[in-house]
Amino acid sequence: MSYATKSPWVIHYDASSCNGCDIEVLAALCPGYDVERFGIINTGNPKHADIFLVTGSVNERNIHVVKEIYDQMLEPKVVIACGICACSGGIFHDCYNVIGGVDQAIPVDVYAPGCAVRPEAIIDAVVQGLGILEEKAKALDAKKKEGE
Amino acid sequence: MYGFETVAVTIVATLVFAVLAPIVGCLLAGLDRKISARMQGRVGPPLLQPYYDVRKLMGKENASVNGSEGVYVTCAFVFTLLAGGVFFAGGNLLLSVFLITLSALFFIMAAYCTRSPYAEVGAARETLQVMSYEPMVLLMAVGYFIAAGTFDTAGVFSLDAPVVCTIWGVLIGFLFVLTIKLRKSPFDISMSHHAHQEIVRGVTTEMSGPTLAKVEVMHWCENVLFLAWTALFFVWGNPISLVVAVVVALLVYFLEIFIDNNFARVKWQAMLKGAWIVALVFGGVNIAVLAFI
């Protein structure tokens, strides 16, 4: 295991969620599930984060914000869509302002469906995301060596 | 008085400090997170988690908003190491204090130079923190001079009793500002370790990857040095006193973790007033009594 997977720092953004999934994301970070056991820390800063947790669907107003946060994060980074709205738009998919899932704005690596998404599902998704993070870290290392 | 020998000893001590302080500081930081987690009824991360964090940050993509930020952070880091070198070489305590202040100023510059509103808020708060603790830290050095008869830290080994016997008031004042220097709640105003207590991330908002790793390691070294300053109060001619000093430093660190977990952040006005009042009452009165009576 590389060091990238041993300290995944998380940033959480509520795109247009009903707050159901947000509460579950925060529940996963609370003492009950204690994800700090795995080195997971909730940061408020995209420049420090490795994993981007998005809840809620993307709409015309927030698509720029989602893209901006994603762009500010440094490689290697992983995006996890938390909840069915973030995966596909969910029950809001045909609202006039909703574009759809988060993958309409930025590349998504792991989908964690659910309404609301269960904390266990979020932890599973993050663990799956760690595998992808490791691959990306290796790719970045190879690129760095090539650069030298 | 200070010849080539002093310079050589200081350089060697700086190099030794640069190797050992990050190791000790990393373990202390790991212990901190473990104990904090237990105090909150959690299991907490592995002991080496701070090390994993820094290794991860070093592997991240290297990007920064401008060219000067990294230079300022490097300067802050180097002066922290120098301050440690001067202290552990038995050198001038006052010089060590000034070097740490210089390091803090470089750190503030690093935040200001990014022109980010969030980093600037952090930098302004960091400046307030420096304003708050600086009088007491200077009084600490002055008190040490009055008690030991020299600014040189090596002077403690020729004493019959630890300096804490004469300047215990200064120690109390210093312990108060130590909370600010260790960046612990309630005085973690510019840069908190805990999420959701912060406007984005205070001073380090624009720092990322390897630069942030440097800041972390610098913070470890600072912690070791500040605890060593505290330990200095308890050292005298007897070699056993070194063990006493280390035990006291660890106890003080535990006390800081306890305070960190039990107090919410205060406003900067309370911090500034509190630190100055404590500095004047405990440090000032203690020194005045020693100087005039």
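One can find the structure itself at the top, above this paragraph.
A short tour of the structure in this document, coming up. Worth saying up front: this structure is predicted, and the values here are computed from it rather than measured.

About the criteria used
Residues numbered from 1 in each chain as written. Chains lettered and ligands numbered in written order. Predicted model: local features only at pLDDT ≥ 70, side-chain atom pairs only at ≥ 80, totals over all residues. Helix = DSSP H or I, 4+ residues; strand = E, 2+ residues; numbered from the N terminus. Rg over C-alpha atoms; globule rule 2.2 N^0.38 Å. Contact = placed C-beta atoms within 7 Å. Pairing = 2+ DSSP bridges. Axes fitted to C-alpha atoms, helices over the stretch in contact; angles between N-to-C directions. Parallel < 35°, antiparallel > 145°, perpendicular 65-115°, else oblique. Left-handed = near helix turned anticlockwise from the far one by under 90°. Expected span 1.5 Å × (residues − 1). Buried ≥ 20, exposed ≤ 12 C-beta atoms within 10 Å, placed from the backbone. Nonpolar A, V, L, I, M, F, W, Y, C, P; charged D, E, K, R; others polar.

Scanning chain A for helices and strands turns up four helices and seven strands. Going residue by residue from the N terminus, the α and β elements of chain A occur as β-α-β-β-β-α-β-α-β-β-α. Since a compact globule built from 148 residues should have a radius of gyration of about 15 Å, the 15 Å found for chain A is in line with a globular shape. In terms of principal-axis extent, the alpha carbons of chain A reach across some 50 × 35 × 20 Å. Taking the intrachain contacts of chain A between residues at least 6 apart in sequence as the baseline, contacts between residues at least 24 apart amount to 82%.

With that settled, consider the sheet that holds strand β2 (residues 41-42) of chain A. Residues and elements named next belong to chain A. One open sheet accounts for five strands, arranged β2-β1-β3-β5-β7; its pairing is parallel. The open sheet has two free edges, formed respectively by β2 and β7 (110-112), since each of these has just one partner strand. Bridge analysis of strand β3 (residues 51-55) against strand β5 (residues 78-82) gives five bridges, and the strand direction is parallel. Among the inter-strand pairings, F52 is bridged to a residue of β5, identified as V79. Sheet strands touched by helix α1 (residues 20-29): β1 (9-14), β2, β3 and β5. Its angle to β3, the strand with the most contacts, is close to 145 degrees. Against the sheet, helix α4 (residues 119-147) engages β3, β5 and β7, with an angle of about 160 degrees to β5.

Moving on, we come to the packing of helix α2 (residues 49-59) of chain B against helix α7 (residues 209-232) of chain B. Residue and element names in this part refer to chain B. Following both chains from N to C, one finds α2 and α7 inclined at 150 degrees, their axes separated by 6 Å at the closest point. For the element pair α2 / α7, the angle class is roughly antiparallel. Crossing geometry of α2 relative to α7 is assigned as left-handed. Residues D53, V54, L57 and M58 of α2 pack against G209, P210, L212, A213, E216 and V217 of α7.

As a further point, take helix α8 (residues 240-262) of chain B. Residues and elements named next belong to chain B. End to end, α8 covers 34 Å across 23 residues, agreeing with the expected 33 Å (1.5 Å per residue, within 8%). Taken together, the buried positions of α8 are occupied by A245, V248, A249, V252, Y253, E256, I257 and D260. For α8, the secondary structure elements touched by its buried residues are α1 (4-39), α6 (168-181) and α7.

The next thing to look at is the packing of helix α3 (residues 68-88) of chain B against α7 of chain B. Residue and element names in this part refer to chain B. Running from N to C, α3 and α7 cross one another at 20 degrees; their axes reach a closest spacing of 10 Å. The angle between α3 and α7 places the two elements in the roughly parallel class. Relative to α7, the crossing made by α3 is left-handed. On α7, the residues touching E69, G70, V73, T74, A76, F77, T80, L81, A83, G84 and F87 of α3 are T211, K214, V215, M218, C221, E222, L225 and A228. Split by residue class, the contact of α3 with α7 holds 11 nonpolar, five polar and three charged.

Take the interface of chain B and chain A next. Contact with chain B, which involves 26 residues of that partner, is made by 20 residues of chain A. In terms of residue count, α2 of chain B provides more of the side of chain B that touches chain A than any other element does, six residues in total. For the side of chain B that touches chain A, the class distribution of residues is eight nonpolar, nine polar and nine charged.

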